[in-house]
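If you want the building blocks of each chain, they are given just below.
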Amino acid sequence: MSQTSVQEKKTIRYGSAKVLIGDRFDKLVDIGAARSVAVKETITTSDIESDNAGTIATLLTEHKMELTLDSLEVNFKNYAEARGGIDNIDSYDGKTEVTKQYMVESDTYKRGEEIKVPFRNADGSEVRITKVEKKNSMGNILIEESSYEKIGTNGIKITDSKISPSTDTLIITYTRTMPKMVRMATGGKSSTIKPKCIMIVNTNAEGKEFRIYLPQASIAGGLEFSFPSDKAQDVLVGKLSFSATLAGNQQSGEQLAWYEDEQSVGKDEEEIKDTEEETSDSEDVQSPELTLEVNKESLDLKIGDKPTLNLTSNADSIEHSLEPAEQDFFDAEYNNTDKIFTITGKKAGSAVLKIIAKKSGCEDKIISIPINVAEVLTLEANKESLDLKIGDKPTLNLTSNADSIEHSLEPTEQDFFDAEYADKVFTITGKKAGSAVLKIIAKKAGNEDKQLDIAINVAEVLTLEANKQSLDLRVGEKPTLNLTSNADEITYLIEPTEQGFVDVEYNDVDKVFTITGKAAGSVTLKITAKKAGNEDKQLDIAINVAA
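Criteria and thresholds
- Residues numbered from 1 in each chain as written.
- Predicted model: local features only at pLDDT ≥ 70, side-chain atom pairs only at ≥ 80, totals over all residues.
- Heavy atoms only, no water.
- Helix = DSSP H or I, 4+ residues; strand = E, 2+ residues; numbered from the N terminus.
- Rg over C-alpha atoms; globule rule 2.2 N^0.38 Å.
- Buried < 20%, exposed > 50% of the residue type's maximum accessible area, 1.4 Å probe, protein only.
- Contact = heavy atoms within 4.5 Å.
- Areas by Shrake-Rupley, 256 points an atom, 1.4 Å probe, with all protein chains shown as cover.
- Lys, Arg positive; Asp, Glu negative; His and termini not counted.
- Charge placed at Lys NZ, Arg CZ, Asp CG, Glu CD.
- Pairing = 2+ DSSP bridges.
- Axes fitted to C-alpha atoms, helices over the stretch in contact; angles between N-to-C directions.
- Salt bridge = Lys/Arg side-chain N within 4 Å of Asp/Glu carboxyl O.
- Patch = residues over 30% accessible without salt bridge, like charges linked within 9 Å, V, L, I, M, F, W, Y side chains within 5 Å.
- Phe/Tyr/Trp six-rings, centres within 6.5 Å; stacked < 30°, edge-to-face > 60°.
- Lys NZ or Arg CZ within 6 Å of the ring centre and 35° of its normal.
- Core = buried A, V, L, I, M, F, W, Y, C linked by side-chain atoms within 4.5 Å.

K.L.:
I would appreciate a short explanation of the overall build of the protein in the present structure.
P.N.:
A tally of helices and strands in the protein yields two helices and 42 strands. Computed over its C-alpha atoms, the radius of gyration of the protein comes to 36 Å, more than 25% above the 24 Å expected for a compact globule of 547 residues. Its C-alpha atoms give the protein principal-axis dimensions of about 135 × 80 × 50 Å. Burial status across the protein gives 34% buried among its 547 residues. For the protein, restricting intrachain contacts to residue pairs at least 6 apart in sequence, the fraction spanning at least 24 positions comes to 65%. Counting only carbon and sulfur atoms, one obtains 46% of the accessible surface of the protein, whose full area is about 31,600 Å². Computing the positive centroid from 65 side-chain charges and the negative centroid from 95, the protein places the two 6 Å apart.

Following this line, the structure appears as structure tokens:
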């Protein structure tokens with residue numbers, strides 16, 4: 001027994017919904033296949049009570065919307081966009097070489113133990129270590145190659161007793177040709193989540209839409225993945241949740257959400273009349289309604305890309321045209337069997353693909369797809385890393401078609417060098433000894449940002465002086481030669497090597513040579529100073545022993 005009847009049949013809805021997210025409502029991205037799309041409005045109230053008349057008012061204290069869904073398309077580009085700028089997202093073409101750092105924390109390794117950078121290049125080969133440093137709060141300290149043994153191109157073994165595994169954290173800098181992939185990294189980039197615009201759309205069989213707009217929504221929970229068992233008839237599911245709050249820049253009454261419903265509105269008199277005439281002409285035989293849907297509302301691609309547009313339609317035939325007709329920004333090929341358009345980017349520019357569906361007894365349906373082809377962003381530097389000395393001013397030349405170039409320094413508080421940028425040239429001025437990274441970011445419309453990390457090491461300028469340019473002594477005398485130097489190491493030799501005229505002793509602590517005359521004759525004392533990041537310096541001291 002029925003208690004009532006359907007009052008308005010058009011208000012009964014069918015089907016799921018698609019979710020679109022972006023910075024603005026005219027820059028939305030469809031996040032694709034999903035399950036369990038759900039929107040929930042929550043209202044928190046507070047009653048104002050009187051002592052003698054009960055509740056006199058109810059105040060709205062919190063008003064928000066929650067959106068949850070199970071994402072079936074694990075697309076990290078879309079995830080990073082939806083999560084409001086808290087992630088780093090990079091795409092690699094399998095050809096780009098980058099410089100990165102591998103951290104080996106103190107108390108996780110032993111002297112003599114093999115340490116390997118565990119990543120591989122795009123071709124499967126091992127990465128190449130370029131330098132090893134010891135972490136220091138005042139600036140990382142370069143570890144001399146004599147302090148460790150190299151193992152292949154990607155491994156080291158600490159051998160020097162001056163390196164303490166219990167207290168020293170190692171920073172291993174390496175170069176890697178990144179495999180073709182998308183890489184998303186999170187944590188520590190930003191503590192502020194940038195709000196997004198979200199639109200939820202349900203489309204019925206007549207092509208009418210029911211839309212929910214959320215002008216200010218932010219991610220409300222971290223990524224959660226559910227991996228199915230190997231035997232399950234299912235796919236990997238990523239759970240997403242968002243919370244929408246009041247957007248103060250919207251009109252009063254529209255700051256949280258608004259709903260637009262085309263489905264529940266009945267036909268006007270003219271539409272009803274046309275329908276009645278069509279019904280009469282066809283002698284009450286109704287044709288199935290023509291349907292036409294495309295999996296994307298617009299398409300952004302780069303030169304050389306070949307994305308596809310998938311149609312869902314019961315049309316007898318599909319036709320298409322391009323506006324303007326003479327455009328040459330892209331080619332559009334249609335496979336009628338699979339109902340797929342393949343778009344090939346040829347050169348930068350924008351045009352519109354008009355898709356026309358035709359079916360006997362039905363009016364044509366047309367969908368217009370704006371297509372924008374962007375030039376592929378390029379970014380190269382003439383050096384992968386830079387070693388300089390205090391006072392040096394080398395340059396770093398960029399080759400790029402970017403609309404803009406930005407840069408930052410890590411750590412931001414470093415004061416080892418200054419970096420000035422003009423006309424695609426960085427000028428680096430060494431200020432004091434230490435190492436930091438120059439991060440160069442190229443931006444271009446229609447492209448993801450490209451980034452280069454340039455490791456920059458400023459070395460102290462090597463000095464070497466002696467208090468005497470030559471030395472005259474007699475047999476039995478023991479004069480000294482005092483050095484002034486900031487070298488890491490002092491070495492020396494006597495020429496000719498088979499001489500018997502002098503003995504030479506060197507005190508490394510005091511930087512003092514003691515020369516003892518043994519027999520009359522002349523020799524040359526060759527003193528060599530060595531320091532990381534510098535060419536060796538040498539002094540030749542002529543020594544003459546008289547009888």
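K.L.:
Explain the sheet that holds strand 26 (residues 365–374) to me, please; I cannot follow it from the model alone.
P.N.:
Working definition: the strands of a sheet are paired by backbone hydrogen bonds and lie parallel or antiparallel to each other. Pairing is mixed in the open sheet, where four strands are placed in the order 20-26-25-22. What marks the edges here is a single partner per strand, and that holds for strand 20 (299–302) and strand 22 (317–323). Going from strand to strand, the sheet's axes swing by 25° on average, the running direction of each strand aside. Strand direction decides the pairing type here: strand 20 and strand 26, joined by four bridges, are parallel. Across the sheet, the residue bridging to Leu 301 is Val 373, located in strand 26.

K.L.:
Where do I start with the pattern of salt bridges in this structure?
P.N.:
Opposite charge on two side chains lets them pair, provided their charged atoms get close. Within the structure shown, the criterion is met by 35 salt bridges. Taking the shortest distance from any N to any O, the salt bridge between Arg 211 and Glu 209 comes out at 2.7 Å. When its relative accessible area of 12% is taken as the criterion, Arg 211 is described as buried. You can call Glu 209 partly exposed: its relative accessible area is 21%. Note that Lys 531 and Glu 460 form a salt bridge whose closest N and O atoms lie 3.6 Å from each other. Taken as a pair, Lys 531 in the loop between strand 41 (521–530) and strand 42 (537–546) and Glu 460 in the loop between strand 34 (450–459) and strand 35 (464–466) lie far apart in primary sequence, 71 residues in all. Each of Asp 23, Glu 81, Lys 194 and Lys 196 takes part in salt bridges that share partners, so that together they form one network.

K.L.:
What is the right way to read a nonpolar patch on the surface from this model?
P.N.:
A contiguous nonpolar patch, built from Val 6, Ile 12 and Tyr 14 and spanning about 330 Å² of accessible area, is present on the exposed surface. Along the chain, Val 6 turns up in the segment before strand 1 (18–22).

K.L.:
Can you help me understand the packing of aromatic side chains in this one?
P.N.:
Aromatic ring pairs: the centre-centre distance and the angle between the two ring planes describe each pair. Going through the model one piece at a time under the given rule, you end up with 13 aromatic pairs. Taken together, the ring pairs in this structure connect Phe 25, Tyr 213 and Trp 258 into an aromatic cluster. Over the face of the ring belonging to Phe 210 we find Arg 13, whose NZ or CZ atom lies 5.3 Å from the ring centre.

K.L.:
I would appreciate a short explanation of the environment of Val 545 in the present structure.
P.N.:
Inspection of the secondary structure puts Val 545 in strand 42. If we ignore the near neighbours within four places in the chain, the residues touching Val 545 are Leu 473, Arg 474, Val 475, Phe 501, Val 502, Gly 517, Lys 518, Ala 519, Ala 520 and Gly 521.

K.L.:
It is not clear to me how the sheet that holds strand 12 (residues 170–177) should be interpreted in this structure. Could you clarify?
P.N.:
If you walk across this open sheet you meet the four strands as 6-12-8-9, and the pairing is antiparallel. Edge strands, defined here as strands with exactly one partner in the open sheet, are strand 6 (97–104) and strand 9 (141–142). With eight bridges joining them, strand 6 and strand 12 adopt antiparallel strand pairing. From the neighbouring strand, Met 103 faces strand 12, where its bridge partner is Ile 171.

K.L.:
Is there a simple way to think about the nonpolar core in this case?
P.N.:
Taken as a class, soluble globular proteins show a tendency for nonpolar side chains to be buried jointly. One finds Phe 417, Ile 428, Leu 438, Ile 440 and Ile 456 to be the most contacted residues of the largest nonpolar core, which totals 22 residues. Mapped by element, the contributors of at least two residues to this core are strand 28 (385–389), strand 29 (395–400), strand 30 (404–410), strand 31 (417–422), strand 32 (425–430), strand 33 (434–443) and strand 34. Residues in contact with Ile 456, not counting those within four places in the same chain, are Leu 386, Leu 388, Phe 417, Ile 428, Gly 434, Ser 435, Ala 436 and Leu 438.

K.L.:
Quick question: what am I supposed to make of the pairing of strand 3 (residues 34–49) here?
P.N.:
Each regular strand shows side chains that alternate between the opposite faces of the sheet. Pairing of strand 3 with strand 4 (residues 55–71), which is carried by 14 bridges, proceeds in the antiparallel orientation. Across the sheet, the residue bridging to Ala 38 is Thr 68, located in strand 4. Connecting strand 3 to the next strand, strand 4, in antiparallel fashion are five residues, including Gly 54 with a positive phi near 70°.

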